[in-house]
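Observations on chain architecture
Spelled out, the chains give:
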Amino acid sequence: MPKIKTRRGAAKRFKVTGSGRILRGKAYRRHILTKMTRKRKRQLGKKTLVASSDVARVRKQIPYL
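Position numbers for residues count from 1 along each chain, tracking the sequence in the order it is written. Given that the model is predicted, a residue must reach a pLDDT of at least 70 before its local features are reported, and side-chain atom pairs must reach 80 or more before they are shown or counted; all residues, however, enter totals for whole chains, interfaces and linings. Heavy atoms from the whole structure form the basis of all side-chain values; hydrogens and water molecules are not counted.

Considerations on the environment of Lys60
Stated precisely, the cut-off is as follows: Comment: elements are numbered from the N terminus, with helices defined as DSSP H or I runs of at least four residues and strands as E runs of at least two. Only protein chains enter the calculation, and the probe is 1.4 Å; a residue is then buried if its accessible area is under 20% of its type maximum, exposed if over 50%, and partly exposed in between.
Structurally, Lys60 is set in helix α3 (residues 55-61). Under the relative-accessibility criterion, Lys60 is labelled exposed at 68%. For Lys60 and Arg7, which are 53 residues apart along the polypeptide, the C-alpha to C-alpha distance reads 9.0 Å.

Shown next, in the form of structure tokens:
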């Protein structure tokens, strides 16, 4: 059976933690930041876990991470 190719775009966007959970970045941090509070911008900079309903889809895209 041949190896499965990793989707490179997904590999750059997601990171697997030591316990096997998947981290992702948050949206809405690219532009038009003047109307956001400092607290909101700071929270958007942090990573968060991928929703449990999406984990299987992400794992299929990054099989060897």
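Focus: the sheet that holds strand β2 (residues 22-24)
Which entries qualify depends on this criterion: One requirement defines pairing of two strands: DSSP has to find at least two bridges between them.
Taken together, three strands build an open sheet; the order of strands is β1-β2-β3 and the sheet is antiparallel. The open sheet terminates on both sides in strands that have one partner only, identified here as β1 (15-16) and β3 (48-49).

A short note on unusual backbone geometry
One non-glycine residue, Tyr28, lies in the positive phi region at around 70°. Here Tyr28 shows up in the loop between β2 and α2 (38-44).

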